[in-house]
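Residue strings, one per chain:
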Amino acid sequence: MKKVSNVFWIAAGLVVLALLYGVFAPQSFEAVTNNMKNFITSAFGWYYLLVVTGIVFFCFFFIVSPIGQITLGKPDEKPEYSRTSWFAMLFSAGMGIGLVFWGAAEPLSHFAISPATEQPGTEAAFRESMRFTFFHWGIHAWAIYAVVAMSLAYFQFREDAPGLISSTLRPIFGDKINGPFGTTVNVLAVFATVVGVATTLGFGAIQINGGLAYLFGIPNSFSVQMIIISVVTVLFIISAWSGLGKGIKYLSNANLVLAVILLMLVIILGPTLLIFDTFTDTIGQYLQNLPRMSFRSAPLDDVNRAWINGWTIFYWAWWISWAPFVGIFIARVSRGRTIREFLVGVLLLPTLLSFFWFSVFGATAMDVQLKGTDLSGLKTEETLFAVFHEMPMSMLLSIVAILLIAIFFITSADSATFVLGMQTTYGSLTPPNTVKLTWGVAQAAIAMILLSANGLTALQNALIIAALPFSFIMILMMISLYKALDKERKELGLMVRPYEKRRKIK
């Protein structure tokens, strides 16, 4: 059996303390997390905006740089997975439940409930709602994942370092990374992963419950959500037991098939022309307004600032808290690809698919709203099913959606148990099942505690809090990765300005 590291015991201890606090003092737990969230969003909102935009520039620099030719693995190594399976696993682990949960609800909210700057229900609000939804789920999100994944893949597969977050900082800190500082880094990564994934599991349980409540009248309650989490926990532990090559791969491929089926049905049965027009028009708006949205902080407008805190800052924190989990997983399945191929694949393909997803479900939801069915008073988790209710074959659409959420639930938790097991067994690529079982149960327990402490609000608070310390580590990871890659670039003779090389040859 693989040896369990100190990171396991320290991180597990922190998780147990958080669980005990939530169980025995739920009101205090909610109040403390809410106060911490308010402080972070008000004091560090500008910081999140600058860091995440900086990460985007960092990734695009490597795409156009000669550094992009370097392989995330040995020079002659080939990718382990086909492009189709690779992309399916990227998509399932990277977004998963969030796409289904917010697919109709976020554009509708920006349009009819609380627009960023426009008046609710107007044509301007329609266009703005899609633009900001693209912004929240686009290149910025995937750049966060890409930085962590690229760092891990490079150091693990090219430099033969352990698959740990701390290993990516060796060019800066040297052997000091083997001591208490490295342990602290890995503990922060594990804790951020547990909170981030538990939050997403909470979203999944809420929406499955919302769908069952809307369709079959099953109570929308915490007790039902506990049952849902318990059942799905058993399923993802069974999947995790089967290993990465079987469970996650097969479920990810099934996810992609179900997602395509649901997309095609909604395109055919929904407002087809509006969907494609919205997709095309919003890409142009997104590209045109990307710099302004990236730095928008509304310092003199409290209402707009509150909107930014509740949406943009929440999303940047969500992606950062998921970064150690998704980054480690993406690194694991991306071995053998060049940096340029990796970044184009991770940044652009999932972004375009996310854009199309939101165009389909967002335009359909807003079309239903414009035609006279008021969806604005519904709970977030019920919005998608209310949209389906206004369409032909509504029961089939809803059942496919619930199945998709359930499998996304399983793949997210399954991937996370692998990553957490890896991080707490000295970077082992085959962590023992007992360790994965422990983290699987811990994730489910945290999700239940957060749901008991005011549901969605507590989930969002926990995300923002967990993300802040890991964001500092991400900055160090970028510095360290550039230092290592620039050194290798010089050793390989990869020139930034080819004309200089020609001049030297002459």
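How each quantity is defined
- Residues numbered from 1 in each chain as written.
- Predicted model: local features only at pLDDT ≥ 70, side-chain atom pairs only at ≥ 80, totals over all residues.
- Heavy atoms only, no water.
- Helix = DSSP H or I, 4+ residues; strand = E, 2+ residues; numbered from the N terminus.
- Rg over C-alpha atoms; globule rule 2.2 N^0.38 Å.
- Buried < 20%, exposed > 50% of the residue type's maximum accessible area, 1.4 Å probe, protein only.
- Contact = heavy atoms within 4.5 Å.
- Areas by Shrake-Rupley, 256 points an atom, 1.4 Å probe, with all protein chains shown as cover.
- Lys, Arg positive; Asp, Glu negative; His and termini not counted.
- Charge placed at Lys NZ, Arg CZ, Asp CG, Glu CD.
- Phe/Tyr/Trp six-rings, centres within 6.5 Å; stacked < 30°, edge-to-face > 60°.
- Lys NZ or Arg CZ within 6 Å of the ring centre and 35° of its normal.
- Polar contact = N/O pair within 3.5 Å; in protein donor to acceptor, adjacent residues only side chain to side chain.
- Salt bridge = Lys/Arg side-chain N within 4 Å of Asp/Glu carboxyl O.
- pLDDT = per-residue confidence, 0-100.
- Expected span 1.5 Å × (residues − 1).
- Bend = angle between axes of the 7 residues up to and from the residue.
- Core = buried A, V, L, I, M, F, W, Y, C linked by side-chain atoms within 4.5 Å.

Asks: Quick one: what's the story with the overall build of the protein chain, residue by residue and with numbers?
Replies: Across its full length, the protein chain holds 20 helices and zero strands. Computed over the C-alpha atoms, the radius of gyration of the protein chain is 22 Å, within 12% of the 23 Å expected from 2.2 N^0.38 for a compact globule of 506 residues. On the principal axes, the C-alpha backbone points of the protein chain span a range of 70 × 55 × 45 Å. Relative to its full complement of 506 residues, the protein chain shows a buried share of 61%. Across the protein chain, contacts joining residues at least 24 apart in sequence account for 83% of those joining residues at least 6 apart. Here the protein chain displays about 19,200 Å² of accessible surface, and carbon together with sulfur accounts for 66% of that area. Considering the protein chain, the positive charge centre built from 33 side chains and the negative charge centre built from 26 side chains are found 13 Å apart.

Asks: Before we move on, can you summarise the packing of aromatic side chains with the specific residues and values?
Replies: Counting across every chain of the model gives 38 aromatic pairs. With a centroid separation of 5.3 Å and an interplanar angle of 90 degrees, the aromatic rings of Trp142 and Tyr145 are classed as edge-to-face. Here Trp142 pairs with Tyr145, and both are found in helix H7 (residues 139-158), just three residues apart, close to one helical turn. On the basis of relative accessible area, Trp142 is assigned to the buried category, the value being 0%. The ring of Trp86 carries the charged tip of Arg337 above its face, separated from the ring centre by 4.2 Å.

Asks: How would you summarise the side chain of His140 if you had to cite specific residues and measurements?
Replies: Considering the arrangement of structural elements, one finds His140 in helix H7. A relative accessible area of 1% places His140 in the buried class. Here the side chain of His140 touches Ser294 through a polar contact of 3.1 Å, side chain to side chain. Among all residues touching His140, those that are not within four sequence positions of it are Val52, Thr53, Val56, Phe135, Tyr286, Leu290, Ser294 and Trp316.

Asks: Pulling in residues and values, what's your account of the pattern of salt bridges?
Replies: Applying the stated criterion across every chain, the model contains 11 salt bridges. Salt-bridge contacts for Glu80 lead to Arg332; the nearest nitrogen and oxygen are separated by 3.1 Å. One end of the pair, Glu80, is in the loop between helix H2 (26-64) and helix H3 (83-94); the other, Arg332, is in helix H13 (residues 302-333), with 252 residues separating them in the sequence. In this structure, a network of salt bridges that share partners links the residues Arg83, Arg337 and Glu341.

Asks: Kindly report on the environment of Thr122, identifying the contributing residues and their values.
Replies: By the element assignment, Thr122 lies in the loop between helix H5 (105-113) and helix H6 (123-137). Owing to a relative accessible area of 29%, Thr122 belongs among the partly exposed residues under this scheme. Sequence separation between Thr122 and Ala112 is 10 residues, and the spatial gap between their C-alpha atoms is 8.3 Å.

Asks: Help me get a handle on unusual backbone geometry, residues and values and all.
Replies: For Asp160, which is not glycine, the phi torsion reads 60 degrees and is therefore positive. If you trace the backbone, Asp160 turns up in the loop between H7 and helix H8 (170-173). Owing to a relative accessible area of 55%, Asp160 belongs among the exposed residues under this scheme. Here Met393, not a glycine, exhibits a phi torsion of approximately 55 degrees, which is positive. Structurally, Met393 can be placed in the loop between helix H16 (383-389) and helix H17 (394-423).

Asks: Explain the confidence of the model for the protein chain to me, and be specific about the residues and the numbers.
Replies: Overall, the predicted model of the protein chain reaches an average pLDDT of 84, with 92% of residues at or above 70. Contacts of residues 498-506 to residues separated by more than four positions or lying in other chains number two contacts, the stretch itself having pLDDT below 50.

Asks: Could you give an account of helix H12 (residues 272-295), naming the residues involved and the relevant values?
Replies: Taking 1.5 Å per residue as the helical rise, H12 with its 24 residues ought to reach 34 Å, and the 34 Å between its terminal C-alpha atoms agrees with that figure. Its maximal kink placed at Asn289, H12 deviates by approximately 60 degrees, while the proline Pro291 follows within four residues. Among the residues making up H12, those that are buried are Ile275, Thr278, Phe279, Thr282, Gln285, Tyr286, Leu290, Met293 and Ser294.

Asks: A description of the nonpolar core should follow, citing residues and the corresponding values.
Replies: In this structure, Trp102, Ile165, Trp318, Phe342, Phe361, Trp439 and Phe470 are the most contacted members of the largest nonpolar core, which totals 182 residues. Here this core gets 20 residues from one element, more than from any other, and that element is H13. Setting aside anything within four residues of it in sequence, one finds Phe361 in contact with Gly103, Ala104, Leu262, Leu263, Val266, Leu384 and Phe388.

Asks: Account for the side chain of Thr364, naming residues and giving values.
Replies: Here Thr364 lies in helix H15 (residues 349-370). Using a relative accessible area of 2% as the deciding quantity, one classes Thr364 as buried. If sequence neighbours within four positions are ignored, Thr364 has contacts with Val266, Pro271, Ile275, Ser359, Val387 and Met391.

Asks: Give me the lowdown on the environment of Ser480, citing residues and values where you can.
Replies: Relative to the assigned elements, Ser480 resides in helix H19 (residues 455-492). Residue Ser480 is classed as buried on the basis of its relative accessible area of 0%. Measuring from C-alpha to C-alpha, the distance between Ser480 and Arg170 comes to 7.3 Å, with 310 residues separating the pair along the chain. Residues within four places of Ser480 in sequence aside, it is in contact with Phe155, Thr168, Leu169, Arg170, Pro171 and Ile172.

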